[in-house]
Amino acid sequence: MSVRRHDPPSADRAGPQMSIEEFEELARHAPERVRLEFIKGKVQVKAVPDGNHNEIVKWLQKQCIQHRPELWLYTKQGLKVDTYGNGRARPDGTLAPDDHFVGAGEWAAPDGVLLVAEVTSYAADTDSRDRVEKPDGYAAAGIPVHLLVDRDASSVTVHSEPENGVYRAVTTRPFGALVELPGPVGITLDTEKLKHYAD
């Protein structure tokens, strides 16, 4: 298992673009097909998923329900992330106990979430958003496992052991490998099928 260690991210010196309340108001009135996120004080537009993106999320849902039928991979739940819940993210998948988000509203606390999953899109800001900013936000929120399915690199990266705003353990495996999702998830993914969705 490879481990990446780096220092916690420094605070953005420019400050946030707006308050959380202003962002939530903006997100509430955004057009239906526009999905907004607020990561590290910046408003970001999440790309509308294409067919292969949706197939990858469906593949992950099937894997999770086969191994952990008491859980569900939610695909539309917004989460409060970053330090002190000062960010808002819409993961491609959020693994939690069935009925976990009853009464939670659009932006739920991350308490009890076992895993968040992201699938890269072909957007200009994918590198900074999906590979750096969102993992740091999820780690700061204390989410135990973050799974990144990286279509550009044809790889799966598992982030775990959140501590002081970063994931202390990071393992990357190519599509086709068996990928272990550590506790509290405890699932081994067979990623062979992801080779079909790399484009």
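Structural data are supplied above this passage.
Residues numbered from 1 in each chain as written. Predicted model: local features only at pLDDT ≥ 70, side-chain atom pairs only at ≥ 80, totals over all residues. Heavy atoms only, no water.

Student: Before we go on, may I ask you to explain the pattern of salt bridges in this structure?
Tutor: Opposite charge on two side chains makes pairing possible when the charged atoms of those side chains draw close. Counted under the stated rule, the structure contains 13 salt bridges. With a shortest N-O distance of 3.2 Å, Lys46 and Asp92 are connected by a salt bridge. Here Asp92 lies in the loop between strand E5 (87–89) and strand E6 (93–97) and Lys46 lies in strand E2 (residues 42–46), a separation of 46 residues in the sequence. A residue is classified by how much of its surface remains accessible, and Asp92, at 5% relative accessible area, is buried. Ionic pairing is found between Lys58 and Glu55, a salt bridge with its closest N-O pair at 2.9 Å. Linking Lys58 with Glu55, this pair stays in helix H2 (residues 51–67), spanning three residues, or about one helical turn. One network of salt bridges, with partners in common, ties together Glu37, Lys46, Asp92, Glu118 and Lys134. (Salt bridge = Lys/Arg side-chain N within 4 Å of Asp/Glu carboxyl O. Helix = DSSP H or I, 4+ residues; strand = E, 2+ residues; numbered from the N terminus. Buried < 20%, exposed > 50% of the residue type's maximum accessible area, 1.4 Å probe, protein only.)

Student: Hey, could you run me through the side chain of Glu24 in this one?
Tutor: Checked against the element boundaries, Glu24 lands in helix H1 (residues 20–28). One polar contact links Glu24 to Arg88, side chain to side chain, over a distance of 2.8 Å. (Polar contact = N/O pair within 3.5 Å; in protein donor to acceptor, adjacent residues only side chain to side chain.)

Student: Is there a simple way to explain the nonpolar core in this structure?
Tutor: A general tendency of soluble globular proteins is for nonpolar side chains to be buried together. Residues Leu60, Leu115, Leu147, Leu181, Val185, Leu189 and Leu194 are the most contacted members of the largest nonpolar core, which totals 26 residues. Mapped by element, the contributors of at least two residues to this core are H2, strand E3 (71–74), strand E8 (115–119), strand E9 (145–150), strand E10 (155–163), strand E12 (178–181) and strand E13 (187–190). In terms of residue count, H2 provides more of this core than any other element does, five residues in total. (Core = buried A, V, L, I, M, F, W, Y, C linked by side-chain atoms within 4.5 Å.)

Student: In this structure, what is going on with the packing of aromatic side chains? I would like to understand it.
Tutor: Within the structure shown, the criterion is met by three aromatic pairs. Seen in terms of ring centroids, Phe23 and Trp107 are 5.8 Å apart; in terms of plane orientation they differ by 55°. Their pairing is tilted. Here the residue Phe23 occupies a position in helix H1, and Trp107 occupies one in strand E7 (residues 107–108), the gap between them amounting to 84 residues. Counting every residue linked through ring pairs, the aromatic cluster contains Phe23, Phe38 and Trp107. (Phe/Tyr/Trp six-rings, centres within 6.5 Å; stacked < 30°, edge-to-face > 60°.)

Student: Honestly, the sheet that holds E8 in this entry has me stumped. Any pointers?
Tutor: For sheets, the rule is that strands pair by backbone hydrogen bonds, running either parallel or antiparallel. Sheet architecture is open: six strands sit in the order E3-E6-E8-E9-E10-E11, paired in mixed fashion. At either end of the open sheet lies a strand with only one pairing partner, and these are E3 and strand E11 (166–174). The sheet shows a mean angle of 20° between the axes of neighbouring strands, direction not considered. Note: E9 against E10, six bridges, orientation antiparallel. (Pairing = 2+ DSSP bridges. Axes fitted to C-alpha atoms, helices over the stretch in contact; angles between N-to-C directions.)

Student: How should I be thinking about the environment of Trp107 in this particular structure?
Tutor: On the basis of relative accessibility, which here comes to 7%, the residue Trp107 falls in the buried class. As for Trp107 and Val81, which are separated by 26 residues in sequence, their C-alpha atoms are 9.5 Å apart. Every residue in contact with Trp107, bar those within four places of it in the chain, is listed here: Phe23, Glu24, Ala27, Leu36, Gln77, Gly78, Leu79, Lys80, Arg88, Ala89 and Arg90. (Contact = heavy atoms within 4.5 Å.)

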